[in-house]
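What follows is each chain in one-letter form.
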Amino acid sequence: MELRISRDSRHKRSHTGAKRAQYRKKRKFELGRQAAGTKLGPKRIHEVRVRGGNKKFRAMRLDTGTYSWGSESISRSTRIVAVLYNASNNELVRTNTLVKGAIVQIDATPFRQWYENRYAQTLGKKKRQPTEAEAKAAEAVKLRSKRALAKCAARNSTVDPAIDEQFTTGCLYAIITSRPGQSGRCDGYVLEGKELDFYLRKIRSKK
Amino acid sequence: MSEQTERSFQKQEAVFLNAKGVSKKSTRWHKDIGLGYKTPAEAISGTYIDKKCPFTGNVSIRGRILTGTVASTKMKRTIIVRREYLHYITKYQRYEKRHKNIAAHLSPAFIGVEVGDIVTVGQCRPLSKTIRFNVIKHQKKHAKGSKKFQKF
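Residues numbered from 1 in each chain as written. Chains lettered and ligands numbered in written order. Predicted model: local features only at pLDDT ≥ 70, side-chain atom pairs only at ≥ 80, totals over all residues. Heavy atoms only, no water.

For chain B, an unreviewed UniProt entry supplies the name 40S ribosomal protein S11-B and the organism Coemansia thaxteri. UniProt annotates chain B under Sequence similarities (unreviewed entry) with the comment "Belongs to the universal ribosomal protein uS17 family." (UniProt positions renumbered as here; feature names shortened; annotations may be inferred.)

An unreviewed UniProt entry annotates chain A as 40S ribosomal protein S8 of Coemansia thaxteri. You can read under Sequence similarities (unreviewed entry) in the UniProt record for chain A the words "Belongs to the eukaryotic ribosomal protein eS8 family."

Trainee: I would appreciate a short explanation of the pattern of salt bridges in the present structure.
Mentor: Side chains carrying opposite charge are able to pair once their charged atoms draw close together. Evaluation of the coordinates by the stated rule reveals 13 salt bridges over all chains. A:Glu72 is the salt-bridge partner of B:Lys20, the closest N and O atoms lying 3.0 Å from each other. Taken together, the residues span two chains, with B:Lys20 in the segment before helix H1 (41-45) and A:Glu72 in the loop between strand S6 (64-69) and strand S7 (74-85). For B:Lys20, a relative accessible area of 24% corresponds to the partly exposed category. Taking the shortest distance from any N to any O, the salt bridge between A:Glu91 and A:Arg94 comes out at 2.7 Å. Here A:Glu91 and its partner A:Arg94 are both found in helix H1 (residues 90-94), three residues apart, which amounts to about one turn of the helix. By relative accessible area, A:Arg94 is classed as exposed at 66%. By sharing partners, the salt bridges in this structure join A:Asp8, A:Arg10, A:Arg24 and A:Glu30 into a single network. (Salt bridge = Lys/Arg side-chain N within 4 Å of Asp/Glu carboxyl O. Helix = DSSP H or I, 4+ residues; strand = E, 2+ residues; numbered from the N terminus. Buried < 20%, exposed > 50% of the residue type's maximum accessible area, 1.4 Å probe, protein only.)

Trainee: Help me understand a positive patch on the surface in this model?
Mentor: A cluster of basic side chains, namely A:Lys100, A:Arg179, B:Lys51, B:Arg62 and B:Arg125, defines a positive patch on the protein surface. You can see B:Lys51 is positioned in the loop between H1 and strand S1 (65-75). For B:Lys51, a relative accessible area of 64% puts it in the exposed group. (Patch = residues over 30% accessible without salt bridge, like charges linked within 9 Å, V, L, I, M, F, W, Y side chains within 5 Å. Areas by Shrake-Rupley, 256 points an atom, 1.4 Å probe, with all protein chains shown as cover. Lys, Arg positive; Asp, Glu negative; His and termini not counted. Charge placed at Lys NZ, Arg CZ, Asp CG, Glu CD.)

Trainee: I would appreciate a short explanation of unusual backbone geometry in the present structure.
Mentor: Peptide bonds are trans in most cases, and residues, glycine excluded, mostly fall at negative phi. Although it is not a glycine, A:Ala120 sits at a positive phi angle of roughly 55 degrees. Locating A:Ala120 in the fold gives a position in the loop between helix H2 (109-119) and helix H3 (132-141). Located in the positive-phi region is B:Leu35, a residue other than glycine, with phi close to 60 degrees. Residue position: B:Leu35 is located in the segment before H1. Looking at B:Leu35, the relative accessible area reads 61%, which means it is exposed.

Trainee: So what exactly am I meant to see when it comes to the pairing of strand S5 (residues 55-62) of chain A here?
Mentor: Residues in a regular strand point their side chains to alternate faces of the sheet. Residue and element names in this part refer to chain A. Bridge count between strand S3 (residues 38-40) and S5: two bridges; the pairing is parallel. Pairing of Lys-39 across the sheet is with Arg-61, part of S5. Pairing between strand S4 (residues 44-49) and S5: six bridges, direction antiparallel. Residue pairing in the sheet places Arg-49 in a bridge with Lys-55 of S5. Between S4 and S5, which pair antiparallel one after the other, the connecting turn spans five residues, and Gly-52 there sits at a positive phi close to 90 degrees. (Pairing = 2+ DSSP bridges.)

Now the structure itself:
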């Protein structure tokens, strides 16, 4: 509060354009605080006491978050690799700042492991012949009882080709939906379908 | 895709677009705002995304319902509604004309709203610095409408 950021409307002109005279000082209940500007890095979270005695967790640095893969209805905790796009401000992309609505790249390994467990198939199309290590991995994935394999085959394992491609690079595109400066968490969901196309186009057009 | 004019992806919060194996292409959420107001066909079948629309967005209409004429449509998705009334001066036992302007959010569900049309606005939570109302009904001005002062 030393910075005296206030959230009042008394300093603004009225709807008619009239300048409002100041008739009282700033009050504590209309205070504002400095923005967190959460960066990528080893976790560092400051606790803030807010109105009513409640707490807010101001994340100053974060590196992991829980991301959901909507169409598969699962969530996994993963590492955040980089910030790729921000609709409001390019500066936030350059400085790798984590905010709600930013498009990030997340580590795909937990999702790949879950998928291979559930559907007994590998992800990521490979145009060339799979190497020996990959062939072994594909075998290991199939190593289970006949009944288990039948259950896996019965499940709908179709994956959007755009997402399949991302598994070859090992990073998925996701959007942050939590507010790191308020909750101290950087959670979100994996981009799919039209939304993914939209943001991929935006990212490519900037390069 | 023509509704994607902003730098972030426009979509309805309430709708999940990427469910597996669901063939219905256009899942759209809309609601009945209550109080007997009919939701326009454009809101149900259209493709616009507006989070401040009373029919397809996240605002509820509660409190006052007012009517007025459209004074200006120059803003993006909002209009100025002019409400006229008579104020009584006791000394002279006569009335004087007064008016108040209200800024109201205009959903893309209402097409062809022009200056002079009659509009019903309902109170909602503050949507911006001056907007606390949302257009819920629109009625075109009659062709033979006079330029004189009209009271409803």
